[in-house]
Amino acid sequence: MADYKMHVLVCGGTGCKASQSELIKKNFQNQLEERGLDQDVQVIHTGCFGFCEQGPIVKIQPDNTFYVGVTPEDSREIVEEHLIKGRKVERLLYTDPTTLGQITESKNMDFYKKQVRVALRNCGFINPENIEEYIGNNGYAALGKCLEELSPEQAIQTIIDSGLRGRGGGGFPTGLKWDITRKVEHEQKYVVCNADEGDPGAFMDRSILEGDPHTVIEAMAICGYCIGANKGLVYIRAEYPLAIQRLKTALRQARQYGLLGQNILGTDFDFDIEIRYGAGAFVCGEETALIHSMEGKRGEPTFKPPFPSQEGYLGKPTNVNNVETFANVPPIITKGAEWFSSIGTEKSKGTKVFALAGKINNVGLIEVPMGTTLREVIYDIGGGIKNGKEFKSVQTGGPSGGCLTKAFLDTPIDYDNLLAAGSMMGSGGMIVMDEDDCMVSIAKFYLEFTLDESCGKCTPCRIGNKRLHEILEKITEGKGTPEDLTKLRMLSHVIKDSSLCGLGQTSPNPVLSTLDNFMHEYEAHINDSTCPAGQCKALLQYIIDDEKCTGCTLCFRNCPVGAISGEKRSPHYIDQTLCIKCGACYEKCKFDAIKIA
Amino acid sequence: MPKIKLAEKTITQIKEVCAKFNHEEGELINVLHQVQGRLGYLPAEVQEVIARELNMSVAKVYGVVTFYSFFTMLPQGEFPISICMGTACYVRGAEQVLSEFKRQLKIEVGETSADGKFSLSSLRCVGACGLAPVVTVGEKVYGRVSPQQVSKIIAEYQEGCPAESKSA
């Protein structure tokens, strides 16, 4: 950041872009040009700042002022007041929800205080479309160190000693995987980056690629050097246009700078990377399925062994790691294994990125040391439950994970603890649910997803999950029987034990964990024909309380199907045969007169 | 489904794409991406041409097209509406939003309205969980959508394309 006196960093993450952050950036530029300041102040589109709830976010450097909820119209005021007169625009500062005081710098916000950023170190700080900013932040130093000082064995040993485990789900030790692929002898090997993030409610990998694409390129080159591969492939979802565009820009720049291509940094190491597009199939997150998809086939998994490290892409030894795993590699090489392993718990080292979402105040992308408790994540960083409601459950691991209750709030998050609790780390989706969420419906929701995404190759997954879904559907419609609960559990275990790949082996987890932790909700649906959370439409009725209804006609006017009738200033009535149970009247009523029964 | 007769120009276009990828079977997914990008969808007749060009069976092409959710064999509406059904959107009420769209447009997910204006699909996580529930119409993203806003969103497009949907 050479000649400019100030920088305006506008968040260019997906969430903020959806809230017009491109226009914000353009307006800033126009405002600066009008005043002849465009040589003094630079406007940059960065990657995700993480605090998506408060977006769009604009940060001013060097004073690090953090503006939230910025609209395109606000750019004039920020330029005139802050950039020219040096006065902060107070109405756009973040207000602390507990003290109600304003906070100007992100490091003083509860949302950021407990975070430690390793994989996300550059997201929101550098311009992802400028390789010099990455290099300026110690970028490509790790690759240089490997090529000049470390032998492949030494570099792999560093990764092994650091204790880094795969961040894509399973948690296999990364160094070990590299070592295995290195030891297979073959003239052609491949490094594959799995950027096929299919987990609903997770956007970690996309944010890293959008905010810091060079870290992935650098790590892939390091991996290539270590295992003896000169070709890398990034398998990315075609639905991520921004990530693809930034990755392409980064690849072009890296080639220009001689950091990809032949004789990298003057050594005899050659390495280049190609992009392969996924086409939307969750199962392609599984290594063998991913490889088949890259070969242009249906993304169906095959039995392991042979592992990809023996026979992978086009039958050649292939090392597959996920985006976040790669993002951890350069800092491990530069700062050393000891630094990395000093963060985290005994068996899970380093940090983990989570996409925190659902019924929580601070939705966003966070990175915390392993061993942080769920309570710290949900209450300190996440700011607690939305609208003051009661916490019910937190779901980790996406469709392969489970729903944890209050009892697990003080569990330190790491691979083994989550597994022991009946969930799993997964790729890092973390969805918080409150008292209004029906856990039977949530289990059904995940199964719907699995059903859609099951590739159909093996019977337990294809048919078993279908049957599980049918039973859950029956229960949410109030037609369940007590025997269904036994069937659910038994069938779940059969599917887990006999499915071919990770998708089927974990798909019943949402069912099992809700059975374990929320049995009373299943029982209420079956025995009492009620849905305690008031979500299952077949089991609820909206009724107007005559005594509370003032006849204001608000519900009548909002009912989309004309099911409500009544005279002005006298109690209204809902025709149950017409009611579609959309809940519009319930939300609109100002007198609490509409009850769910 | 009635058989479509492909125009000569379309067939040439498909052949061009296949030639670009050296008629290699392993490039099938890339070929499909590009062909769908040009034609909007991949009906059976298009798949037949691709199969011939890549020297593989139509069944294999069909197998790949139907495997991936990104590929579609039906033409999309002028304004494709997608409702995010990722978990974050789901717990914030995406299902109610989806059923309201279904009710008002009188189509199911995967269908296109009779006038060819709207098609409806659900997708998994656009990565804007802070704005849940999220609806996209073409490139434009609508955040924090409630069932009550559905008619307003549809109306925006009913009289033709509003200016802002293009700029987004």
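Residues numbered from 1 in each chain as written. Chains lettered and ligands numbered in written order. Predicted model: local features only at pLDDT ≥ 70, side-chain atom pairs only at ≥ 80, totals over all residues. Heavy atoms only, no water.

Chain B is annotated in an unreviewed UniProt entry as NADH-quinone oxidoreductase subunit E/NADP-reducing hydrogenase subunit HndA from Sunxiuqinia elliptica. Word for word, the UniProt comment on chain B under Sequence similarities (unreviewed entry) is "Belongs to the complex I 24 kDa subunit family." (UniProt positions renumbered as here; feature names shortened; annotations may be inferred.)

Per an unreviewed UniProt entry, chain A goes by NADP-reducing hydrogenase subunit HndC and derives from Sunxiuqinia elliptica. Listed under Sequence similarities (unreviewed entry) in UniProt, the entry text for chain A is "Belongs to the complex I 51 kDa subunit family."

**Observations concerning the sheet that holds strand β8 (residues 231-237) of chain A**
Residues and elements named next belong to chain A. An order of β9-β8-β7-β10 is seen for the 4 strands of this open sheet, with the pairing classed as parallel. With one partner strand each, in any of the chains shown, β9 (272-278) and β10 (318-322) form the two edges of the open sheet. Pairs of neighbouring strands in the sheet enclose a mean axial angle of 25 degrees, with direction left out of account. Of the pairings in the sheet, the one linking strand β7 (residues 190-195) to β8 comprises 6 bridges and is parallel in character. When the sheet's bridge partners are listed, A195 is paired in β8 with I236. (Pairing = 2+ DSSP bridges. Helix = DSSP H or I, 4+ residues; strand = E, 2+ residues; numbered from the N terminus. Axes fitted to C-alpha atoms, helices over the stretch in contact; angles between N-to-C directions.)

**Topic: the layout of surface pockets**
All names here are of chain A. Volume-wise, the second largest pocket comes out at about 1400 Å³. Surrounding the second largest pocket, 49 residues form its lining, G168, G169, G170, G285 and E286 being those nearest its centre. No other element matches β10, which puts 5 residues into the lining of the second largest pocket. Tallied by class, residues from the lining of the second largest pocket come to 15 nonpolar, 23 polar and 11 charged. (1 Å grid on protein atoms, 1.4 Å probe; cavity = no way out; pocket = protein on both sides within 12 Å on 5 of 7 lines; lining within 4 Å. Points joined across faces, edges and corners; volume = space filled by probe spheres on them. Nonpolar A, V, L, I, M, F, W, Y, C, P; charged D, E, K, R; others polar.)

**What to know about the confidence of the model for chain B**
Note that predicted coordinates carrying low pLDDT should not be read in detail. Scored by pLDDT, chain B comes out at a mean of 89, with 93% of its residues at no less than 70. Taken together, the stretch residues 163-168 of chain B has pLDDT below 50 and engages in 7 contacts with residues farther than four places along the chain or on a different chain. (pLDDT = per-residue confidence, 0-100. Contact = heavy atoms within 4.5 Å.)

**Observations concerning the interface of chain B and chain A**
With 36 residues of chain B in contact, the opposing surface of chain A contributes 58 residues. Buried surface at the junction of chain B and chain A, summed over both partners, amounts to about 3500 Å²; 57% is from carbon and sulfur atoms. Its largest share of buried area at the contact with chain A, chain B owes to F67, T87 and R124 of chain B, together 20% of the area lost on that side. Joining chain B to chain A, the criterion identifies 3 salt bridges. (Buried area = accessible area lost by both parts, 1.4 Å probe. Salt bridge = Lys/Arg side-chain N within 4 Å of Asp/Glu carboxyl O.)

**Looking at the packing of helix α2 (residues 21-34) of chain A against helix α3 (residues 74-84) of chain A**
Residues and elements named next belong to chain A. Packing of α2 against α3 brings their axes to within 9 Å, and their N-to-C directions diverge by 50 degrees. As the angle between them shows, α2 and α3 are arranged oblique. For the crossing formed where α2 meets α3, the hand is right-handed. Residues N27, F28, Q31 and L32 of α2 lie in contact with α3, whose contacting residues are S75, R76, I78, V79 and L83. Looking at the contact of α2 with α3 residue by residue, the classes come out as 5 nonpolar, 3 polar and 1 charged. (Parallel < 35°, antiparallel > 145°, perpendicular 65-115°, else oblique. Left-handed = near helix turned anticlockwise from the far one by under 90°.)

**Observations regarding helix α19 (residues 482-498) of chain A**
Residues and elements named next belong to chain A. Here α19 contains 17 residues, and its C-alpha end-to-end distance of 25 Å stays within 8% of the 24 Å for a straight helix at 1.5 Å per residue. All of the buried residues along α19 are D484, L485, L488, S492 and I495. Buried residues of α19 fall within an arc of 105 degrees about the axis and therefore sit on the same side. Exposed side of α19, more than 90 degrees from the buried face: T486, M490 and D497 are the residues found there. Against the buried residues of α19 lie α18 (459-476), α20 (502-506), α21 (509-517) and α22 (519-527). (Expected span 1.5 Å × (residues − 1). Buried < 20%, exposed > 50% of the residue type's maximum accessible area, 1.4 Å probe, protein only. Arc of directions from axis to C-beta.)

**Structural notes on helix α7 (residues 150-158) of chain B**
Structural remark: α-helix, 3.6 residues per turn; residues separated by three or four positions point the same way. Those residues of α7 of chain B not exposed but buried are V150, I153, I154 and Y157 of chain B. For α7 of chain B, the arc enclosing every buried residue in end-on projection is 95 degrees, short of the 170-degree limit, so these residues lie on one face.

**Describing the sheet that holds strand β13 (residues 391-396) of chain A**
Residue and element names in this part refer to chain A. Read from one edge of the open sheet, 5 strands run β12-β11-β15-β13-β14, paired in mixed fashion. Every other strand in the sheet has two partners, leaving β12 (364-369) and β14 (402-404) as the edge strands with one partner each. Going from strand to strand, the sheet's axes swing by 30 degrees on average, the running direction of each strand aside. The sheet contact formed by β13 and β14 spans 3 bridges and is antiparallel. Bridging from a neighbouring strand, V394 pairs with L404 of β14.

**What to know about a nonpolar patch on the surface**
Taken together, I160, F172, L176 and I180 of chain A make up a surface patch of nonpolar side chains, about 310 Å² in accessible area. Its location among the elements puts I180 of chain A in helix α8 (residues 174-183). (Patch = residues over 30% accessible without salt bridge, like charges linked within 9 Å, V, L, I, M, F, W, Y side chains within 5 Å. Areas by Shrake-Rupley, 256 points an atom, 1.4 Å probe, with all protein chains shown as cover.)

**Looking at the pattern of salt bridges**
As enumerated under the stated definition, the model contains 47 salt bridges over all chains in all. One salt bridge in this structure joins D484 of chain A and K487 of chain A, with 4.0 Å as the shortest N-O distance. You can see D484 of chain A and its partner K487 of chain A sitting in helix α19, 3 residues apart, about one turn around the helix. In this structure, a network of salt bridges that share partners links the residues E53 and K386 of chain A together with R92 and R144 of chain B.

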